[in-house]
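Here is what each chain is made of, one letter per residue.
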Amino acid sequence: MPSTLRPDDRVASAFRFATELVAWVATPWALAAYSVPLAVLSVIVLIGLPTVFSTPGDKRNVIVAVPGVVTILLVVLHVVAAVAAAWVAWHAFAAALVSVLAVVTVVMELPRWRWLLSR
């Protein structure tokens, strides 16, 4: 029987938030050279989607309830956006650090993702 208790992910959430911050900064930075409206839209999407859509039990306030797989995909979206945008917009050393952050974030997220998939 799957566990109904949400795993303690305080450390993982710090890494997840750091990755989100990088995505929020690096993505519009990378897109601004091509299209300022697209850069603005990227921030709205990256911040807005996880604010509106969440899995019950994962967040305190749920506006639109979605299955756990959607929450996982939103985290993956942030991880991919952070890494891809960092490699486009920033120096290779900074992008490499973001890549390491992304790997650590994904590894730290695995218990939460297992829990989300069991919902």
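Look above for the structure.
Okay, so let's go over this structure.

1. Description of helix α2 (residues 36-52)
Phase 1 of the analysis: With 17 residues, α2 extends 24 Å between its outermost C-alpha atoms, agreeing within 8% with the 24 Å of an ideal straight helix rising 1.5 Å per residue.
Phase 2 of the analysis: Among the residues of α2, those classed as buried are A39, S42, L46 and P50.
Phase 3 of the analysis: The elements touched by buried residues of α2 are α1 (10-32), β1 (53-54) and α3 (68-89).
Phase 4 of the analysis: The residue sitting at the N-terminus of α2 and contributing the capping side-chain oxygen is S35; that oxygen lies 3.1 Å from the backbone nitrogen of L38.

2. So, a nonpolar patch on the surface
Phase 1 of the analysis: Taken together, the side chains of V36, L38, V40, L41, I44, V45 and L77 present a nonpolar region at the surface, about 570 Å² in accessible area.
Phase 2 of the analysis: No other element matches the six residues that α2 contributes to the nonpolar patch.
Phase 3 of the analysis: As for its position among the elements, V36 is in helix α2.

3. Some details on the environment of V40
Phase 1 of the analysis: As for its placement among the helices and strands, V40 is situated in helix α2.
Phase 2 of the analysis: In this structure V40 comes out as partly exposed when scored by relative accessible area, which is 47%.
Phase 3 of the analysis: For V40 and W29, which are eleven residues apart along the polypeptide, the C-alpha to C-alpha distance reads 9.7 Å.

4. A closer look at the layout of surface pockets
Phase 1 of the analysis: Its boundaries defined by the atoms lining it, the largest pocket holds a volume of some 180 Å³.
Phase 2 of the analysis: Along its surface, the largest pocket is lined by 14 residues, and R16, E20, P50, K59 and R112 are the ones closest to its centre.
Phase 3 of the analysis: Looking at the lining of the largest pocket, the elements that each hand over two or more residues are α1, β1 and α3.

5. A word on the side chain of T55
Phase 1 of the analysis: Inspection of the secondary structure assignment puts T55 in the loop between β1 and β2 (64-65).
Phase 2 of the analysis: T55 gets classed as buried once you look at its relative accessible area, which sits at 2%.
Phase 3 of the analysis: Polar contacts involving the side chain of T55 include one to the main-chain carbonyl oxygen of V66, which spans 3.2 Å.
Phase 4 of the analysis: Contact partners of T55, with chain neighbours within four places excluded, come to V62, V66, P67, G68, T71, L116 and R119.

Thresholds applied
Residues numbered from 1 in each chain as written. Predicted model: local features only at pLDDT ≥ 70, side-chain atom pairs only at ≥ 80, totals over all residues. Heavy atoms only, no water. Helix = DSSP H or I, 4+ residues; strand = E, 2+ residues; numbered from the N terminus. Expected span 1.5 Å × (residues − 1). Buried < 20%, exposed > 50% of the residue type's maximum accessible area, 1.4 Å probe, protein only. Contact = heavy atoms within 4.5 Å. Polar contact = N/O pair within 3.5 Å; in protein donor to acceptor, adjacent residues only side chain to side chain. Patch = residues over 30% accessible without salt bridge, like charges linked within 9 Å, V, L, I, M, F, W, Y side chains within 5 Å. Areas by Shrake-Rupley, 256 points an atom, 1.4 Å probe, with all protein chains shown as cover. Salt bridge = Lys/Arg side-chain N within 4 Å of Asp/Glu carboxyl O. 1 Å grid on protein atoms, 1.4 Å probe; cavity = no way out; pocket = protein on both sides within 12 Å on 5 of 7 lines; lining within 4 Å. Points joined across faces, edges and corners; volume = space filled by probe spheres on them.

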